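Per-entry structural report
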There are 2 protein chains.
Amino acid sequence: MPDFDVLCIGNAIVDIIAQCDDAFLETNGIIKGAMNLIDTKRAELLYSRMGPAIEASGGSAGNTAAGIASFGGRAAFFGKVSNDPLGEIYAHDIHAQGVAFDTRPLEGQPPTARSMIFVTPDGERSMNTYLGACIELGPEDVEADKASGAKVTYFEGYLWDPPRAKEAIRQTAKLDIVFANSHEIKSLYQTKSFDEALAAIRKDCKIAAVTRSEKGSVIVRGEETVTIQATTIRELVDTTGAGDLYAAGFLYGYTSGRSLKDCGDLGSLAAGLVIQQLGPRPRQNLRSAAQLAGLL
Amino acid sequence: MPDFDVLCIGNAIVDIIAQCDDAFLETNGIIKGAMNLIDTKRAELLYSRMGPAIEASGGSAGNTAAGIASFGGRAAFFGKVSNDPLGEIYAHDIHAQGVAFDTRPLEGQPPTARSMIFVTPDGERSMNTYLGACIELGPEDVEADKASGAKVTYFEGYLWDPPRAKEAIRQTAKLDIVFANSHEIKSLYQTKSFDEALAAIRKDCKIAAVTRSEKGSVIVRGEETVTIQATTIRELVDTTGAGDLYAAGFLYGYTSGRSLKDCGDLGSLAAGLVIQQLGPRPRQNLRSAAQLAGLL
């Protein structure tokens, strides 16, 4: 039996989250809804203009690992922090969630990564990420036992940004399942039609799970198509982590041998919970929430 | 015209907030609902046992200052952080809220104070505070211009813990208005009856505002008694900051010349908002919220 259901690899980031209006994004040249990479100087400028904030561990694949563990799955994580207070917070949070995380912290500079996330009244999040120590994640950080002892290895798309991380991915990855949102697949296949993009990704991946915000998601595997409803929510607060938590629910279901329908429903549940709070990792226990919803 | 409506003096603390069940408090010897002072060793132990957390600037008087500024009042704050990342977060958040905060940070050790706050399912918060740099707040940190240029000087009761802070208080304080909750006044006057305690505090203070959780609050001034209703809330999430925000609303009203009834209603409004979220400072703009409620 493998030691882990899912090994997640990604940028280890502490989120700094504040609400703002759309005018703030425009004034500061922040592309709405996007992940904007920033350098130290811009980080200082934006922070000086940012409203009162809260801090929470984030990063796409780390959020997914935390979600899987919250469902009761066995998750491991590779990601680089520095040996500084934000790095300690990051390590604390992911350990406290029950994720195996042993990547050696960087000694000294650059500091632990942080992403200033501005949440507009419509719940959309606009991220401004200073990668810091993440750029030092490299092949030497691949722990062979964890890499070989996991049913699924998952890595976030943002990992193509820090240069050396690609090598770490290449040592572990086979692209069987792709998670994307509808904008991403349309951009990937350079088409304006969602259906055309879906037809294309169906040919390129064994499984693709494509999220469509309030329209739910579509999962394709060969000729098979499974349509998943979004869950009903009370109030949209902050979309940060929606895709990450969808992946968490899906992969927890997938590695416990469930149907694609069940995987998608678990993904929808987790995504629906995280967007009703500020911050990227649900504060509810996801296993209990899934049991309450009759999904486990 | 004074430069500030309210000068607040208190412990400058970053809160580390996690949810837990009552059994956790018992297992770890944490007195429920209390502020437990802890040392470095206990801080490390508790943090190692704490679940995934979020971080947010806190501290009683700092929360009050932030609340006053959010109402549109002019607030200043004295409090000691260290020149470390948590200290930067603290300073950022209070500045971003529009509070004048210029206390010189401590160079080096001890680090910025943090309070591990455990929130139980009933919304009660149990605080475990490592005072860190706060113990270095002293008379030399009193900025004379701010102390003389404020209509009201407000200090938190927790300031009696760090030894040198008492001297800073003595340089600025005349005890005209006392904020307390019903447990505190009963404890102060060693009586089991709320009414007896209220009769006693009525004689000792010019004004006393006593909060009673869901029963609202009672304000006494000489023979005058004003009863304030608690606001209706949707869901009690976390009581952290309730008293601090009540004081913020009250003092904003008081320094803008409003009636005791209006002061109490503004306090109730702010307290009612902060207890419906995780974290000690409301994320809504309090001025807008008060206008919406017809209070401003």
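Residues numbered from 1 in each chain as written. Chains lettered and ligands numbered in written order. Predicted model: local features only at pLDDT ≥ 70, side-chain atom pairs only at ≥ 80, totals over all residues.

Okay, the overall build of chain A next. In terms of helices and strands, chain A carries eleven helices and 13 strands. Taken over C-alpha atoms, the radius of gyration comes to 18 Å for chain A, in line with the 19 Å a tight globule of 296 residues would show. In terms of overall dimensions, chain A has C-alpha extents of about 50 × 45 × 40 Å along its principal axes. Among the 296 residues that make up chain A, the fraction classed as buried is 50%. (Helix = DSSP H or I, 4+ residues; strand = E, 2+ residues; numbered from the N terminus. Rg over C-alpha atoms; globule rule 2.2 N^0.38 Å. Buried ≥ 20, exposed ≤ 12 C-beta atoms within 10 Å, placed from the backbone.)

With 21 residues of chain A in contact, the opposing surface of chain B contributes 21 residues. The set of elements that each furnish at least two residues to the side of chain A that touches chain B consists of β4 (54–57) and α4 (85–96) of chain A. When residues of the side of chain A that touches chain B are assigned to their parent elements, the largest contribution, six residues, is made by α4 of chain A. Taken together, the residues of the side of chain A that touches chain B sort by class into eleven nonpolar, five polar and five charged. In terms of strand pairing, β4 of chain A meets strand β4 (residues 54–58) of chain B through three bridges, oriented antiparallel. Bridge pairing links Glu55 of chain A to Glu55 of chain B in β4 of chain B. (Contact = placed C-beta atoms within 7 Å. Nonpolar A, V, L, I, M, F, W, Y, C, P; charged D, E, K, R; others polar. Pairing = 2+ DSSP bridges.)

Placing chain A over chain B gives an RMSD of 0.0 Å and needs a rotation angle of 180 degrees, together with 0.0 Å of translation along the axis. The operation mapping one copy onto its partner corresponds to a two-fold rotation axis. Relative to the rotation axis, the C-alpha of Glu55 of chain A is the closest in chain A, positioned 2.4 Å from it. (Least-squares fit on C-alpha atoms with pLDDT ≥ 70 in both.)

Moving on, we get to unusual backbone geometry. All names here are of chain A. Cis geometry is found at the peptide bond from Gln109 to Pro110, where omega equals -10 degrees. By the secondary structure assignment, Pro110 is in the loop between β6 (100–101) and β7 (113–119). With phi around 50 degrees, Ser213 is a residue other than glycine that occupies positive phi space. Secondary-structure assignment places Ser213 in the loop between β11 (207–211) and β12 (217–221). Residue classification places Ser213 among the partly exposed positions, given that 16 C-beta atoms sit within 10 Å.

For chain A, the mean per-residue pLDDT works out to 95, and 99% of the residues sit at or above 70. Across the assembled chains, the prediction reports ipTM 0.95 with pTM 0.96. (pLDDT = per-residue confidence, 0-100.)

Turning next to the sheet that holds strand β8 (residues 125–130) of chain A. Paired through backbone hydrogen bonds, the strands of a sheet run either parallel or antiparallel to each other. Sheet architecture is open: ten strands sit in the order β3(A)-β8(A)-β7(A)-β2(A)-β4(A)-β4(B)-β2(B)-β7(B)-β8(B)-β3(B), paired in mixed fashion. Each edge of the sheet is formed by a strand with only one pairing partner; in this case those strands are β3 (35–37) of chain A together with β3 (35–37) of chain B. Each neighbouring strand pair of the sheet contributes to a mean axis angle of 25 degrees, computed without reference to strand direction. Pairing of strand β2 (residues 13–19) of chain A with β7 of chain A involves seven bridges; the strand directions are parallel. (Axes fitted to C-alpha atoms, helices over the stretch in contact; angles between N-to-C directions.)

All names here are of chain B. Here helix α3 (residues 60–71) crosses helix α9 (residues 242–255) at 45 degrees, and the two axes come no closer than 8 Å. Considering their axes alone, α3 and α9 lie oblique with respect to each other. Considering how the two elements wind past one another, α3 and α9 form a crossing that is right-handed. Judged by residue contacts, Ser60, Asn63, Thr64, Gly67, Ile68 and Phe71 of α3 engage Asp244, Leu245, Ala247, Ala248, Gly249, Leu251 and Tyr252 from α9. A class-by-class count of the residues in the contact of α3 with α9 yields seven nonpolar, five polar and one charged. (Parallel < 35°, antiparallel > 145°, perpendicular 65-115°, else oblique. Left-handed = near helix turned anticlockwise from the far one by under 90°.)

On a regular strand, one side chain projects to one face of the sheet and the next to the other, so that they alternate. Residue and element names in this part refer to chain B. Across five bridges, strand β12 (residues 217–221) lies against strand β13 (residues 224–228) in antiparallel orientation. Opposite Arg221, over in β13, you have Glu224 as the bridge partner. As consecutive antiparallel partners, β12 and β13 are separated by two residues, and within that stretch Gly222 has a phi angle of approximately 60 degrees, a positive value.

With that out of the way, let us pick up the sheet that holds strand β6 (residues 100–101) of chain B. All names here are of chain B. Read across the open sheet, the four strands follow the order β6-β5-β1-β9; overall the sheet is parallel. This sheet does not close on itself; its edge strands, each paired only once, are β6 and β9 (150–155). The sheet contact formed by strand β5 (residues 75–78) and β6 spans two bridges and is parallel. What sits directly across from Phe77, in β6, is Phe101. Across the sheet, α9 is in contact with β1 (4–9) and β9; its angle to β9 comes to roughly 160 degrees.

With that settled, consider the pairing of strand β11 (residues 207–211) of chain B. Residues and elements named next belong to chain B. With five of its five residues buried, β11 lies for the most part within the structure. Burial along β11 is two-sided: the residues Ile207, Ala209 and Thr211 and Ala208 and Val210 are all buried. Alignment of strand β10 (residues 177–181) against β11, held across five bridges, turns out to be parallel. Considered in β11, the bridge of Val178 is made with Ala208. Two elements, β11 and β12, share four bridges in a ladder whose sense is antiparallel. Bridge pairing in β12 links Thr211 to Ser217.

This brings us to the environment of Ile185 of chain B. Residue and element names in this part refer to chain B. Along the chain, Ile185 turns up in helix α7 (residues 182–188). Judged by the 21 C-beta atoms lying within 10 Å of it, Ile185 is buried. The sequence separation of Ile185 and Ile201 amounts to 16 residues, and the corresponding C-alpha distance is 7.6 Å. Setting aside chain neighbours within four positions, we find Ile185 in contact with Ala180, Ala197, Leu198, Ile201 and Val210.

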